[in-house]
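Here is what each chain is made of, one letter per residue.
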Amino acid sequence: QVRLVESGGGLVQPGGSLRLSCAASGFTFSSSTMSWHRQAPGKERMLVASISRTGGITTYADSVKGRFAISRDNNKNTVYLQMASLNSEDTAVYYCKKASGGDYWGQGTQVTVSS
């Protein structure tokens, strides 16, 4: 079965950085476009970034462009989200997802940006 396990979240000060990880199993990871989403309190879940099968094509939401970087390691079945210049609007639960083939979600990892 598809399993996605997000990790790396925590409390960080404004302007700080975090790297999130998502360990995937139960499908052919290297054949799957992957994405990161986030959901802040009282707001809808939104797409943050996506990455193609071999990492050659990446896309970002305008709100994170230039600050976040998505990457993947197909040998480790892991997708990453490097986050920098964090601000309070980045506070959310972050989830990774297969871009297609079903609506599978992990437990998410909480990112809180606060001084």
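Structure's up top.
In this text the structure is predicted, and so the values were computed from the model without any measurement.

A complete count under the given rule lists two aromatic pairs for this structure. When the centroid spacing of 6.3 Å and the interplanar angle of 45 degrees are considered together, the rings of Phe27 and Phe29 count as tilted. The burial state of Phe27 is the same as that of Phe29; both residues are buried. Aromatic side chains Tyr95 and Trp105 sit 5.9 Å apart centroid to centroid with 80 degrees between the ring planes, which places their arrangement in the edge-to-face category.

With that settled, consider the pattern of salt bridges. Tallied over the full model, the rule gives three salt bridges. With its nearest N and O atoms 2.9 Å apart, the salt bridge here joins Arg38 to Asp90. A residue pair is termed long-range when its members are at least 10 positions apart, and Arg38 in strand S4 (residues 34-39) and Asp90 in the loop between strand S8 (78-83) and strand S9 (92-98) qualify at 52 residues. Like Asp90, Arg38 is buried.

Quick look at the sheet that holds S8 now. Ordered by their spatial adjacency, four strands build an open sheet running S1-S3-S8-S7, and the pairing between neighbours is antiparallel. Lying at the two open borders of the sheet, with one neighbouring strand each, are strand S1 (3-7) and strand S7 (68-73). On average, each strand axis in the sheet is inclined to that of its neighbour by 15 degrees, with strand direction left out of account. The pairing of strand S3 (residues 18-25) with S8 spans six bridges and is antiparallel. Bridge pairing in S8 links Ala23 to Thr78.

Rules behind the numbers
- Residues numbered from 1 in each chain as written.
- Predicted model: local features only at pLDDT ≥ 70, side-chain atom pairs only at ≥ 80, totals over all residues.
- Heavy atoms only, no water.
- Phe/Tyr/Trp six-rings, centres within 6.5 Å; stacked < 30°, edge-to-face > 60°.
- Buried < 20%, exposed > 50% of the residue type's maximum accessible area, 1.4 Å probe, protein only.
- Salt bridge = Lys/Arg side-chain N within 4 Å of Asp/Glu carboxyl O.
- Helix = DSSP H or I, 4+ residues; strand = E, 2+ residues; numbered from the N terminus.
- Pairing = 2+ DSSP bridges.
- Axes fitted to C-alpha atoms, helices over the stretch in contact; angles between N-to-C directions.

Limitation: the analysis is restricted to geometry and does not speak to function.
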